[in-house]
Amino acid sequence: MAKIAVLPGDGIGPEIIDEAVKVLKVLNLPLEMASAPVGGAGYEASGHPLPDATLQLAKDSDAILFGAVGDWKYDTLDRPLRPEQAILGLRKALGLFANFRPAICYEQLTHASSLKPELVAGLDILIIRELTGDIYFGQPRGRRVATDGHFPGAEEAFDTMRYSRPEIERIAHVAFQAARKRQGRVTSVDKANVLETFQFWKDVVTDVAKEYPDVTLDHMYVDNAAMQLVKEPKRFDVVVTGNMFGDILSDEASMLTGSIGMLPSASLNTKNQGLYEPSHGSAPDIAGKGIANPLATILSAAMMLRYSLNDAANADRIESAVKDVLAQGLRTPDIYSDGTRKVGTAEMGDAVVQALQK
Ligand code: IPM
Ligand code: MG
């Protein structure tokens, strides 16, 4: 019996998680699912975005199905109490270093992209973002009075960008192995022309590449990568990069598809324990209206079956069911266009269930 921690979170989180749970239940798998509050909901329940009981449940599970966290009403809290800290805390506590962020342009949604259809038709990029290192977690960090720099004596803030060889090696292995199952191409994104950390990144990735002679590696500076993503996105297959650059480039890539409401993500540790969440946020402006797109969360559940529960067959079934409902013309408002049928969150989830039962 696999254990799943279900963490709905805030905003549209609970609504979209309901639909993913519905889909998992209809598959009749040996899953034990237990829910717990996280983010703003965790703060409301026990004064912390990642309550101890929630963290314990996550640690004891094979996988975490995560909705979304955040709401404007928590913006005034001290940083350690803000909803986003829950996701950072889970990444750190479980060592979820490998973040998979696919950017896929679905055939029926090609016109929804802000780029010309011919640039994005058939787009299928996999961004692999290192998730537990870099300037996000590097110590030391903080505020102090400057003793040097342009304004000695002035108040200043600082963070530390750093990567160790094993941290870079393990994410590079993840990227090369993923590329083997795809088009066999890896683009490593760095800023080696300026940053010591990313010259080292480039050197280590180049070393690891020697173990994968069947995979083509190229290197790209992050500014150029940002440009190439909108100029010629289909040139990319697997993109591997650090935490900070990956945060930015994965948002950019998701927008190319015109349907951030469709994109799942996975964050894995060395034991294949994983956290699965939609790439989009908690969208508090539409929470409770029953109009959020549940497909990214349903596809995240499919990724969960594939990566943490070793059940590729059922992952394929869910992914086909999602393509099926798109082909039927069903659309939540975020992906709606003339000639299709507008449906709400639950109706979309029900349609996926029906497609699975066919
Ligand atoms: C993401 C988010 C998080 C990040 C925030 C919410 C901490 O932007 O998952 O990309 O910066 O990693
Ligand atoms: Mg982000």
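About the thresholds
Residues numbered from 1 in each chain as written. Chains lettered and ligands numbered in written order. Predicted model: local features only at pLDDT ≥ 70, side-chain atom pairs only at ≥ 80, totals over all residues. Heavy atoms only, no water. Near = heavy atom within 4 Å. Polar contact = N/O pair within 3.5 Å; in protein donor to acceptor, adjacent residues only side chain to side chain. Areas by Shrake-Rupley, 256 points an atom, 1.4 Å probe, with all protein chains shown as cover. Helix = DSSP H or I, 4+ residues; strand = E, 2+ residues; numbered from the N terminus. Domains from an automatic or database assignment. Buried area = accessible area lost by both parts, 1.4 Å probe. Salt bridge = Lys/Arg side-chain N within 4 Å of Asp/Glu carboxyl O. Nonpolar A, V, L, I, M, F, W, Y, C, P; charged D, E, K, R; others polar.

Q: Any chance you could explain the site of ligand 1 here in plain terms?
A: The environment of ligand 1 is formed by E84, L88, R91, R101, R129, Y136 and D247. R91 is positioned such that a nitrogen or oxygen atom in its side chain is 2.7 Å from an oxygen atom of ligand 1. In this structure, an oxygen atom belonging to ligand 1 sits 2.9 Å away from a side-chain N or O atom of D247. For ligand 1, the protein covers 70% of the area, taking 320 Å² as the surface of the free molecule. Among the elements that make up the shell around ligand 1, the one with the highest residue count is helix α4 (residues 84-94) (3 residues).

Q: Can you walk me through the domain arrangement of the protein chain in this structure?
A: As assigned here, the protein chain comprises domain 1 (1-97 + 269-358) and domain 2 (101-131 + 165-262). For domain 1 versus domain 2, the separation of C-alpha centres amounts to 24 Å. With both chains or domains summed, domain 1 and domain 2 bury close to 1,600 Å², and 64% of this area falls on carbon and sulfur atoms. Taken together, the connections running from domain 1 to domain 2 amount to 0 salt bridges. Counting every contact that joins domain 1 to domain 2 gives 4 residue pairs in polar contact (both at pLDDT 80 or more). Those elements that provide at least two residues to the side of domain 1 that touches domain 2 are α10 (295-307) and α11 (312-327). Tallied by class, residues from the side of domain 1 that touches domain 2 come to 10 nonpolar, 5 polar and 4 charged.

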